[in-house]
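Now for the letters of each chain:
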Amino acid sequence: MLPILLSLALLGLGVSEDSMEVSQSAIKILKELEKLRLEAYRDGSSISIGYGHSNSSGGEQFKMGDTITEEKAEELLVKDLEEIQRIVNQRLENYDISFNQNQFDVMVIGTYNRPGKLSSKKFYEALLLDNAEEIAKVWNTSITDEDRKNFPGLVDNLIEEYQFLKRVLTQVLYHQQLQQLLCLKIMIQWILNQEVQV
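Residues numbered from 1 in each chain as written. Predicted model: local features only at pLDDT ≥ 70, side-chain atom pairs only at ≥ 80, totals over all residues. Heavy atoms only, no water.

1. Regarding the sheet that holds strand β2 (residues 46-50)
The strand order across the open sheet built from three strands is β1-β2-β3, with neighbouring strands paired in antiparallel fashion. This sheet does not close on itself; its edge strands, each paired only once, are β1 (37-43) and β3 (53-54). Relative to β2, β1 runs antiparallel, the two sharing four bridges. Each residue of the ladder has a partner; that of Asp43, found in β2, is Ser46. (Pairing = 2+ DSSP bridges. Helix = DSSP H or I, 4+ residues; strand = E, 2+ residues; numbered from the N terminus.)

Next comes the structure, spelled out in structure tokens:
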């Protein structure tokens, strides 16, 4: 029931008609990465709760010792994702870049954890590349050595984002190859039909 509510909330709140929206599969990945925590915890220099809702992101503030329900965690996630979607859509417009759903999802997942770090146009342009290794090189620069030391969870998130990207690129490559084979088959059939007619 909660995923349906989350989906409905994201469909109807704070997203303009021409803006992209995060997919349910991306929300699922984000929730797996963030892990539900119903008690406030220290997260670097900030305090977080729920599915990674951070005091530093603005919005509702919490202090150590505060607790919430799972429903409240879902509500916070909806509000946080509305803001992240708005940010990513605004950057796409500013950079005059168009994403497919998978590219948008990856950017939302990354921006959820590193909104300032993924603000550069180079990260958006990188997602347009067909080469997973090239994307990984650029994407890898979104966390510093200091971040890697102090926030090992960011490294895990980066790896998951990269794996998601890799799966997407593999699917795209497979479909492109399949289309090429179908075109080749049609061409061969046409040639064979021409020979029969002669």
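2. Considerations on the packing of aromatic side chains
Taken as a whole, this structure holds three aromatic pairs when the rule is applied. Measuring from centroid to centroid gives 5.4 Å for Tyr95 and Tyr124, while their planes differ by 70°, and the two rings are edge-to-face. Taken as a pair, Tyr95 in helix α3 (residues 70-95) and Tyr124 in helix α5 (residues 121-126) lie far apart in primary sequence, 29 residues in all. A ring pair is formed by Phe123 and Trp139, whose centres lie 6.2 Å apart and whose planes are at 85°; its orientation type is edge-to-face. In this pair, Phe123 sits in helix α5 while Trp139 sits in helix α6 (residues 132-139), placing the two residues 16 residues apart along the sequence. By relative accessible area, Trp139 is classed as buried at 2%. Grouped by ring-pair contacts, the aromatic residues Tyr95, Phe99 and Tyr124 constitute a single cluster. Arg37 extends its terminal NZ or CZ atom over the ring of Tyr41, reaching a point 3.6 Å from the ring centre. (Phe/Tyr/Trp six-rings, centres within 6.5 Å; stacked < 30°, edge-to-face > 60°. Buried < 20%, exposed > 50% of the residue type's maximum accessible area, 1.4 Å probe, protein only. Lys NZ or Arg CZ within 6 Å of the ring centre and 35° of its normal.)

3. Observations regarding the pattern of salt bridges
For the coordinates displayed, the defined rule picks out 10 salt bridges. One salt bridge in this structure joins Lys63 and Asp66, with 3.2 Å as the shortest N-O distance. Take Lys63: its relative accessible area is 54%, and that puts it in the exposed class. The partner of Glu125 in a salt bridge is Lys121, and the shortest N-O contact between them spans 3.8 Å. With a gap of four residues between them, Glu125 and Lys121 both fall in helix α5, about one helical turn apart. We classify Glu125 as partly exposed; its relative accessible area is 37%. What makes Lys121 partly exposed here is its relative accessible area of 35%. Linked by salt bridges that have partners in common, Glu60, Lys72, Glu75 and Lys79 make up one network. (Salt bridge = Lys/Arg side-chain N within 4 Å of Asp/Glu carboxyl O.)

4. Some points on the nonpolar core
The biggest cluster of nonpolar side chains holds 40 residues, and the ones touching the most others in it are Leu81, Val88, Phe99, Met107, Leu127 and Trp139. Listed by contribution, the elements that provide at least two residues to this core are α2 (24-34), β2, α3, α4 (101-113), α5, α6 and α8 (152-197). Residue contributions to this core peak at eight residues, all from α3. In this structure, Leu127 is in contact with Phe99, Gln103, Val106, Met107, Ile135, Trp139 and Leu165, ignoring residues within four places of it in sequence. (Core = buried A, V, L, I, M, F, W, Y, C linked by side-chain atoms within 4.5 Å. Contact = heavy atoms within 4.5 Å.)

5. As for the environment of Arg86
Position of Arg86 relative to the elements: it lies in helix α3. Overall, the relative accessible area of 44% leaves Arg86 in the partly exposed class. A C-alpha to C-alpha distance of 9.1 Å links Arg86 and Glu21, two positions 65 residues apart in sequence.

6. Quick notes on α6
Those residues of α6 that sit buried are Ala132, Ile135, Ala136 and Trp139. Down the axis of α6, the buried set is contained in an arc of 100°. They therefore lie on one face. (Arc of directions from axis to C-beta.)

7. Things to note about the packing of α3 against α4
Running from N to C, α3 and α4 point in directions that differ by 120°, and their axes come no closer than 9 Å. Helix-helix and strand crossings are classified by hand; for α3 and α4 the assignment is right-handed. Two secondary-structure elements touch here, α3 through Leu77, Asp80, Leu81, Ile84, Gln85, Ile87, Val88, Asn89, Arg91 and Leu92 and α4 through Phe104, Met107, Val108, Thr111 and Tyr112. Its residues placed into classes, the contact of α3 with α4 shows 10 nonpolar, three polar and two charged. (Axes fitted to C-alpha atoms, helices over the stretch in contact; angles between N-to-C directions. Left-handed = near helix turned anticlockwise from the far one by under 90°. Nonpolar A, V, L, I, M, F, W, Y, C, P; charged D, E, K, R; others polar.)

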